Amino acid sequence: MSERYVNSEKLLERAVKAIPLGSQTFSKSVTQFPHGVSPYFAQNAKGAELWDVDGNHYVDFINGLLSVSIGYADNEVNRAVKEQIDKGVTFSLSHELEVEVAEKLIKLVPCAEMVRFGKNGTDSTSAAIRLARAYTKKDMVLVCGYHGWQDWYIGSTTRNLGVPEVTQSLTKVFKYNDVDSFDELVKQFKGQIAAVIMEPMNIEYPKQGFLEHIREVTAEEGIVLVFDETITGCRFSKGGAQELFDVTPDLATFGKGIGNGFPLSAVMGKQKIMQLMEDIFYSGTFAGETSSLAAASVVLDKVMNADVCGHLERLGTELKDQLNKLIARYNLADVVDCVGHPSWSFIVFKGADNITPFEMKTLYMQEMFKSGILTLGTHNLSFSHNAVHIAQLLKSYEQFFELLKECIAKQTVENVLDCEVLVPLFKVR
């Protein structure tokens with residue numbers, strides 16, 4: 001048992017006896033955090049900083065898997081939630097907050113004419129697919145990116161255990177920024193496609209004309225275009241990536257940061273499609289739960305009025321610029337890259353002689369955690385991050401790059417790695 005993470009590892013021993021993998025979320029489990037060099041349990045957090053159960057302090061660049069967009073325990077969000085809890089959370093009737101938050105999303109998001117809420121991204125993406133199938137009376141779905149755990153999507157990945165083959169056969173994958181891979185599927189399944197669902201951007205920026213081409217083809221073919229903006233919504237721009245790139249889908253799903261960590265997602269889009277909600281029976285007792293809606297109301301006000309997206313872009317641009325300069329200074333461009341939108345950028349490991357990308361990533365996480373940086377290899381910025389946090393991150397990168405250069409020269413990480421190498425869960429981006 002490691003000295004630094006004694007309490008985390010003791011809790012993990014308890015957790016695996018009661019919870020598969022010891023965590024409710026794959027991305028918070030031993031599949032993503034290398035055992036022996038990682039924290040597993042949080043104690044508390046504030047702003048952009050987190051403390052684990054062993055008292056270790058971190059600047060957090062995971063931010064609840066991007067769900068914490070404003071900052072942990074934001075005073076205004078907490079105040080609104082506490083006031084609402086005193087009045088009640090789930091009622092026997094609908095609540096005004098349902099209307100209020102829906103109206104704010106309609107004002108912000110280009111495609112939004114009507115809105116329905118859920119609790120996580122999978123709720124909303126699955127509702128969007130059922131809507132598209134009901135609207136078009138077709139079954140086939142084309143996907144690009146990550147869209148949750150439901151059968152219709154996860155059956156198209158290597159994590160398809162338990163998904164009927166007939167369901168798997170109805171979802172086909174195309175490559176991002178590859179027009180030919182998309183066009184080939186449209187041609188192959190012409191007249192059968194209900195929906196194209198995609199992340200409008202993840203690691204790569206869209207090539208010129210790529211999103212526009214998909215929009216044009218789906219309109220011509222009578223296919224419902226769904227942008228999964230679970231991450232990009234209210235992050236890349238106030239109205240999401242669709243506003244940033246000026247391509248408007250038929251439906252969109254938002255989630256993650258619209259509740260600043262409180263569980264809330266939304267599917268929204270054209271009224272003529274959204275009205276089919278009455279027929280597909282997308283309904284849940286807790287969709288109108290008011291503590292999350294109270295949080296979202298404050299978050300959306302901040303997005304509209306406090307330049308949240310501008311702050312994320314400016315800070316993230318400085319981070320990317322300085323990190324790329326470090327990569328160049330250490331002559332690591334052949335093995336390391338920094339890509340993605342400034343508000344959600346990625347460190348990508350390419351590997352080197354006798355050192356795999358996952359060996360590099362495992363070593364990276366070991367060293368980052370040790371230096372007080374919490375990351376999974378992404379820079380998930382929140383409104384609470386500031387220049388001091390970025391400076392600490394860059395200092396940690398300098399220390400890691402020094403070590404990585406030594407490992408590359410020796411063609412091994414064996415002497416400096418204190419844990420087993422991570423194994424990839426499945427590749428979605």
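Computed from a predicted model, the values in this text were never measured in an experiment.

Draft legend 1. Seen up close, the sheet that holds strand 2 (residues 49–52). Read across the sheet, four strands follow the order 1-2-3-13 without closing on themselves; strand pairing throughout is mixed. In this open sheet, the two strands that pair with only one neighbour each are strand 1 (42–46) and strand 13 (373–374). Taken together, the two bridges between strand 3 (residues 57–60) and strand 13 define a ladder with parallel strand orientation. Paired with Asp60 across the two strands is Leu374, which belongs to strand 13.

Draft legend 2. Seen up close, the nonpolar core. By size, the foremost hydrophobic cluster in this structure holds 82 residues, and its most contacted members are Leu105, Phe117, Met268, Val336, Tyr397 and Phe401. Beyond its immediate sequence surroundings of up to four residues, Tyr397 is in contact with Leu323, Leu326, Ile347, Tyr364, Met368 and His379. Grouped together as the second largest cluster of nonpolar side chains are 29 residues, Leu142, Leu225, Ile231 and Trp344 included.

Draft legend 3. Representation of the packing of helix 15 (residues 357–370) against helix 16 (residues 387–410) within the structure. Running from amino to carboxyl end, helix 15 crosses helix 16 at an angle of 140°, the nearest separation of the two axes being 10 Å. Here helix 15 lies oblique to helix 16, going by the angle between them. The hand of the helix 15/helix 16 crossing is right-handed. For the pair formed by helix 15 and helix 16, the contact residues are Met360, Leu363, Tyr364, Glu367 and Met368 on the first element and Ser396, Tyr397, Phe400, Leu403, Leu404, Cys407 and Ile408 on the second. Classifying every residue of the contact of helix 15 with helix 16 by side-chain character gives ten nonpolar, one polar and one charged.

Draft legend 4. Expanded view of empty space enclosed by the protein. As enumerated under the stated definition, the model contains two cavities of 30 Å³ or more in all. Its boundaries defined by the atoms lining it, the largest cavity holds a volume of some 60 Å³. Contributing to the lining of the largest cavity are Leu66, Ser69, Thr230, Ile231, Gly233, Cys234, Arg235, Gly255, Lys256, Gly257 and Ile258. Counted by class, the lining of the largest cavity contains four nonpolar, five polar and two charged residues. There is about 40 Å³ of room inside the second largest cavity. Lining the second largest cavity are Lys138, Val186, Phe189, Lys190, Gly191, Gln192, Ile193, Glu221 and Ile223.

About the cut-offs
- Residues numbered from 1 in each chain as written.
- Predicted model: local features only at pLDDT ≥ 70, side-chain atom pairs only at ≥ 80, totals over all residues.
- Heavy atoms only, no water.
- Pairing = 2+ DSSP bridges.
- Helix = DSSP H or I, 4+ residues; strand = E, 2+ residues; numbered from the N terminus.
- Core = buried A, V, L, I, M, F, W, Y, C linked by side-chain atoms within 4.5 Å.
- Buried < 20%, exposed > 50% of the residue type's maximum accessible area, 1.4 Å probe, protein only.
- Contact = heavy atoms within 4.5 Å.
- Axes fitted to C-alpha atoms, helices over the stretch in contact; angles between N-to-C directions.
- Parallel < 35°, antiparallel > 145°, perpendicular 65-115°, else oblique.
- Left-handed = near helix turned anticlockwise from the far one by under 90°.
- Nonpolar A, V, L, I, M, F, W, Y, C, P; charged D, E, K, R; others polar.
- 1 Å grid on protein atoms, 1.4 Å probe; cavity = no way out; pocket = protein on both sides within 12 Å on 5 of 7 lines; lining within 4 Å.
- Points joined across faces, edges and corners; volume = space filled by probe spheres on them.

Worth remembering: the numbers are spatial, not functional.
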